[in-house]
Amino acid sequence: MNNFSYQRAATLSDVVGKSTFVAGGTNLLDLMKYNLSNADTLIDVNALTDFHAIEEVPDGLRLGSLATNADTAYDSLVENRYPLLSKAILAGASAQIRNMATNGGNLLQRTRCYYFYDAHAPCNKRVPGSGCSAIKGYNRNMAILGTSDQCIAVYPSDMSVALSALDAVVNVSGLNGERSIAFEDFHRLPGDTPEIDNNLQPGELITSIDLPEKTFTKNYSYLKLRDRSSYAFALISVASALELEGDTIQEARIALGGVAHKPWRVKEAEQYLTGKKTDRQNFAAAADIILQGAVGFEHNAFKIELAKRAIIRNCIMALDPSTQLPGAQPSA
Amino acid sequence: MHTETLTQTYPVTTGTLREITLRINGEERRLSVLPYVSLLDALREYLDLTGTKKGCDHGQCGACTVLCDGKRIISCLTLAVMKEGAEITTIEGIDHPIQQAFIDHDAFQCGYCTPGQICSAVGMLQEGKAKSRDEVKDQMSGNLCRCGANQQIIDAIMDVKGGENE
Amino acid sequence: MAQIGQPISRLEGKLKVTGAAKYSGEYNVPDLLYGYVVNSSVTKGKIVTIHTGDAEALTGVVKVFTHLNRPGTAWFDMQYSDMDAPPGAPFRPLHNEEIKFNGQPIALVVAETFEAARQGASMIRVDYQESAFETDLKKHLDAAREPKKGMATMLKPPPPKPTGDFEKAYAEAAFKASAEFTHGTEHHNPMELFTTTTLYDGKGKLTIYDKTQGTINCQLYVGNVFGLHFKNVRVVSPFVGGAFGSGLRPQYQLFLSVMAALDLKRHVRVTLDRSQMFTFGHRPQTVQYTRFGATAGGKITALNHRSVAETSQFEDYTENVANWSPMIYPAGNTLLEQKLVPLDVNSPTDMRAPGGCTGLHAIEATMDELSYKLKIDPLELRLINYSTFNTAENKPYSSKQLKECYLQGAEQFGWSKRSAEPRSMRKGHKLVGYGMATGIWDAMQLPARAEAKITKDGKLHVKSAVTDIGVGTLTVMTQIAADEFGLPMEDVVFSYGDSKLPFAPIQGGSFTTATVGTAIVFASKALKKKLLKIAKSSNPGFKDAEPEELVFKDGLMLYKEHSVTLLELVAANKDKPVRTTNLGYPHALKLRKYSRAVHSASFVEVEVDEELGSVKVTRALTAVAAGRIINPKTARSQVLGGMVWSISKALMEETILDANLGKYMNQNLAEYHIPVHADINELDVLFVKEEDKVINELGIKGVGEVGLVAMPPAIANAIYHATGKRINQFPIHFDKLIDL
């Protein structure tokens, strides 16, 4: 970890156009200690009070980028109107980390790929052009969708899986002013430039995340499959939100985590479910659509079948959200 | 010959020493640190408050848990300079029935994760979000225990939690 | 009131719950220097150039040590051999340019602050000449060979010679079960990072606060390696934040800290980071093969167990994987074999229940498989093959209440509610399974010395160099000493964790309580004789008393109607403490006729999600026969700890080896999964009554390992019962269970 100079930003104008920002620090300082990230100057943005709030806006709810994950998950507006988001946040990391990590930082967390984290292993995400060790290495926790021959890393956030399902919008501020990015356009696939995780431009700061009106308060579920019951990254996670009339689906949202370089959503599958009954076969057919094109590697091919089953289970859990367990474990 | 090329070499940036004041366990502690000193290292190496433990230094074990403005955080992934003005409580500043409950339930062996477990439990009880035993277990899962005292730790917490609820 | 048998809370508990307990990295002194280690990024080869200039130029850096400027140390391998060294040439840090394993320490950056040392370490660049390496055991099974023998073989004898004619008996057996078992590498990962703080007194005398399981082991190592007089080396380890075997041998941070302190004549602390905790000893990868044969009635007639384990290229580390089956099940025809494959890895090291928890998985899963073939209840099959005779050594056990473990354990667990067929028990989405298995571990005892002393305040002081790695040694030794003199706990002071105290061996193998406890009994006996001698000269009532006629109670020494207080006896000794130091040792002649072991039986219930494969150990019980239990509270915690490790071993933990890179990939606690609180459900421990008049003065065995031998196979067996799927590779991840 190198030394750096430290500044506290008082206003947004102290920040835009610059780097590197620290808020919660839970990912950045981790990376810096492994010498995977570096800054000459670290700009502490925590004093930007405008971006701490969680507040109602005309078409929904605005989550300040500097609100912590815990404050967001336990906010009564979020709990009551976007319970899927609460559940997904609480399935991530640990209580301590959720007390520190911010919403903006959560969107920017980097992959947990072993080879990215090993400062000496070839990794195109860390050192472009050096090669991908994961493709022929140990890839049990790597991606099965949207991979490239350059990178098969997975984006690890739980919160983002719910935000994706909820059609959130990311508001950012930069030298060229403010702009809003649809959630599905925020993160990107690795392609030939796996070193770039998302479409945030240099010098831009995430200021808030907007949640639209559609809340899915009755039928929702977040399921996370991992090697221990808590405090572990997902091998597969699923966010499901359904709007029902009787046992007919009016609208469905399904997003997957742990399978790609970004939260994975397939609109065709959701359209397929519209107007269908809430039965297992229909969820299974939707799962097949979502996993179309999935490619497994030596150790993670199981994820394809398991993801389908997780989608089915989670959609059934969404029919009765009381079946959800702490840690987003499978229903009893 | 293989020359290391994959590891980035970073410029040597010498941030300057900052005089900071931390409020720790109700006392103002002045210290002079470079910006890259973590809160954890500030406590252990600069202030001799060694009750807060370093188990991984990467937010993966919970041994360094302290309370910051009443909320439990891990002190390894924040900087001392970022915590100016905050109220920090370390194990040395905790006086809570949970400590006796840990002794009574034999909720530790080597004792190294214990301060973090206790700070985390105090933080969790203050949060008041975990109701059932399963919720307590999930909410305490950010604190690893390699000796395997998990069951006794949760027993101790449930014991105290029950008392508070009555 | 007798203290032995009481569930007394840990005496150091208050220090641990208030943060006052000081571990080896917590002795802060002015002008302390910090060392940060640099590790090799290649697996095998040579360092051609090591670029240290940038680091040396960094503000705060005092010196960078490499193989090029390392101060001279001892010449001979022997001088680097510690009490737990396997046959071979121990690794010498910064010895020369040669790289023998990935992560090998190649430099130490010493600086005025921890942060500067860490930054300096990140600035070292190395040019290597790499050579081809091999780290994958499965690829090299045909290279397996017999292990070399050495000092360590005494504690870990090779498997007994073949008996009968295995191949014939197996061919003729009415029922057979055979299988292959695979276990990966595991790392101990105690919560505390390995740290040594070496204090330099200015004249070459060192006080070393070290994370270790053996203060004297480290003292001798430092003395031998650095050519110091032992009197000038004091190793202190009052609190050890877990070790599980990783502290049995001196680790490289000890060498580096002492080296830098001697060279710079300064105080130096070296702390390994968590990823560096994956660069020393580990539990080796193994492959095992079993073939068991039985009669139609379930009598085992033939046992074949073979194991192949990895070791390093420079030491032959062995652990007993394949020895155990004839110690449990009498069979006329046995064939046991243990072999090694040297690979380009660091030497493996004992890790909790070394060999036992690996071998018992194979044995007890094979027994389980046999029970289904025989259509005999798994518990019944164990009872059919029950014996209190150890056929491997051809001796009876000094005591063996395993049958009570089976019966009482089954009763308390509710084993009778199990339906015989796999996949026959369900609950919602979950398949429910019951599994059981047997556990065994050696009940060893080594020689040790202890001092016992009565001071003029009437208090008893007992001393041993032994450590307390968290197992309760302080409390248990205090209880033993208190009972020797009929004193309350508060009148006994046990000093430990310091190499200047009387000799104790390394703390491991479940032998500490028997070893140091017996030394305390010996010292107490000698002290009683001394006290009687004083009494005889000062109190005529004791004139005819023999030591064994004395009664000690409440601070009094009693003989018939005569009594004298301990205070009076010290006063009669001119206020000088009455003191003795004695050697306690096992009674070799008496013990020669017996085998000694601690036994257990584990019963486990699992739920497996039929669709998603996720496994939950919903409840488990381990019944233990371990002789006399000194402290049921701390002993229970030891066994519970072993049960949590069992869940970890069977379902979670593994060090992932990338054979392309020759290195471990998950060198952190986020991806090296050990259980979290949410993984632990109902665990229970049952100690069955076991009296052993032969084994030692106190009738005690040990409970450190026995919690971890029976339960991993019991979990695998329960998963089979739940799902009908036999997974012989640990850990059993849920993706192995989705094709149900």
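The rules behind each value
- Residues numbered from 1 in each chain as written.
- Chains lettered and ligands numbered in written order.
- Predicted model: local features only at pLDDT ≥ 70, side-chain atom pairs only at ≥ 80, totals over all residues.
- Heavy atoms only, no water.
- Helix = DSSP H or I, 4+ residues; strand = E, 2+ residues; numbered from the N terminus.
- Buried < 20%, exposed > 50% of the residue type's maximum accessible area, 1.4 Å probe, protein only.
- Phe/Tyr/Trp six-rings, centres within 6.5 Å; stacked < 30°, edge-to-face > 60°.
- Contact = heavy atoms within 4.5 Å.
- Buried area = accessible area lost by both parts, 1.4 Å probe.
- Salt bridge = Lys/Arg side-chain N within 4 Å of Asp/Glu carboxyl O.
- Nonpolar A, V, L, I, M, F, W, Y, C, P; charged D, E, K, R; others polar.
- Pairing = 2+ DSSP bridges.
- Core = buried A, V, L, I, M, F, W, Y, C linked by side-chain atoms within 4.5 Å.
- Disulfide = S-S within 2.5 Å.
- Axes fitted to C-alpha atoms, helices over the stretch in contact; angles between N-to-C directions.

## As for unusual backbone geometry
Here the residue pair Ser19(A) and Thr20(A) is connected by a cis peptide bond, since its omega of -5 degrees sits within 30 degrees of zero. Here Thr20(A) lies in the loop between β1 (5–8) and β2 (21–22). Look at the link from Phe730(C) to Pro731(C): it is a cis peptide, with omega at -5 degrees. If you trace the backbone, Pro731(C) turns up in the segment after β31 (729–730). Even without a glycine there, the phi angle at Asn394(C) is positive, about 60 degrees. With respect to the helices and strands, the residue Asn394(C) is situated in the loop between β15 (389–390) and β16 (395–396). Look at Asn394(C) and you get exposed, because its relative accessible area is 61%. Its identity is not glycine, yet Asp575(C) carries a phi of approximately 65 degrees, on the positive side. Inspection of the secondary structure puts Asp575(C) in the loop between α13 (566–572) and β25 (578–584).

## Description of the packing of aromatic side chains
Residue and element names in this part refer to chain C. On inspection of all chains with the given rule, the structure shows 27 aromatic pairs over all chains. The interplanar angle of 40 degrees and the centroid separation of 6.3 Å between the aromatic rings of Phe91 and Phe314 together place this pair among those described as tilted. Highlighted residues: Phe91 in the loop between β3 (61–66) and β4 (98–99) and Phe314 in the loop between β13 (300–311) and α7 (325–328), separated in sequence by 223 residues. Judged by relative accessible area, which is 11%, Phe314 ranks as buried. Between the aromatic rings of Tyr372 and Tyr720, the centroid separation amounts to 4.7 Å while the plane-to-plane angle is 75 degrees, which identifies the pairing as edge-to-face. Placement of Tyr372 in helix α8 (residues 356–374) and of Tyr720 in helix α16 (residues 711–723) is noted, with a sequence separation of 348 residues between them. Residue classification places Tyr720 among the buried residues on the basis of a relative accessible area of 14%. An aromatic cluster of at least three residues, connected via ring pairs, comprises Phe413, Trp415, Tyr434 and Phe603.

## Topic: the side chain of Thr102(A)
Among the secondary structure elements, Thr102(A) is positioned in the loop between α5 (95–100) and α6 (103–108). Leaving out residues up to four positions away in the same chain, Thr102(A) has contacts with Ala23(A), Gly24(A), Ser65(A), Leu66(A), Ala67(A), Thr68(A) and Asn69(A).

## Points about the interface of chain B and chain A
Contact residues are listed per partner, giving 43 residues for chain B and 48 residues for chain A. Summing both sides of the interface, chain B and chain A together bury roughly 3,800 Å²; the carbon and sulfur share of this comes to 55%. Salt-bridge contacts for Lys71(B) lead to Asp71(A); the nearest nitrogen and oxygen are separated by 3.0 Å. Tallied by class, the residues present in the side of chain B that touches chain A amount to 15 nonpolar, 17 polar and 11 charged.

## Structural notes on the pairing of strand β23 (residues 556–559) of chain C
All names here are of chain C. The two faces of β23 differ: Met557 and Tyr559 on one face are buried, but Leu556 and Leu558 on the other face are not. What sits between the antiparallel neighbours strand β22 (residues 551–553) and β23 is a turn of two residues, in which Asp554 has the positive phi angle 50 degrees. Hairpin connection from β23 to strand β24 (residues 562–565): two residues lie between these consecutive antiparallel strands, with Lys560 at a positive phi of about 50 degrees.

## Digging into the nonpolar core
Residues Phe102(B) and Ile715(C) are the most contacted members of the largest nonpolar core, which totals 193 residues. In terms of nonpolar packing, the next biggest core, distinct from the first, is built from 47 residues, Ile480(C), Leu487(C), Met557(C) and Val570(C) among them.

## Let's talk about the interface of chain C and chain B
Facing the 75 residues of chain C at the interface are 58 residues of chain B. Roughly 5,300 Å² is buried in total at the junction of chain C and chain B, and carbon and sulfur atoms are behind 51% of that figure. The largest contributions to the chain C side of the interface with chain B come from Val17(C), Met191(C) and His677(C), which together make up 16% of the buried area. Our enumeration of links across chain C and chain B arrives at seven salt bridges. One salt bridge in this structure joins Lys22(C) and Asp48(B), with 4.0 Å as the shortest N-O distance.

## Side note on the state of the cysteines
Residues and elements named next belong to chain B. The full count for this structure, using the stated rule, is zero disulfides over all chains. Left unpaired, Cys56 is separated from the closest cysteine sulfur, that of Cys61, by 3.8 Å. Residue Cys56 is classed as buried on the basis of its relative accessible area, which comes to 3%. For Cys113, which is in no disulfide, the shortest distance to another cysteine sulfur is to Cys145 and amounts to 4.0 Å.

## Considerations on the pairing of strand β27 (residues 615–625) of chain C
Within a regular beta strand, the side chains point alternately toward one face of the sheet and then the other, so they alternate between its two faces. Residues and elements named next belong to chain C. By the criterion of burial, β27 is predominantly enclosed, with nine of the 11 residues buried. By the bridge criterion, 10 bridges tie strand β26 (residues 597–609) to β27 in an arrangement that is antiparallel. Bridging across to β27, His599 finds its partner in Ala625.

## Some thoughts on the sheet that holds β23(C)
All names here are of chain C. Strand order across the open sheet formed by three strands is β22-β23-β24, with antiparallel pairing between neighbours. The sheet is open, and its two borders are formed by β22 and β24, each paired with just one other strand. Pairwise comparison of adjacent strand axes, ignoring direction, gives a mean angle of 25 degrees for this sheet. Relative to β23, β22 runs antiparallel, the two being bridged by three bridges. Bridge pairing in β23 places Val551 opposite Leu558.

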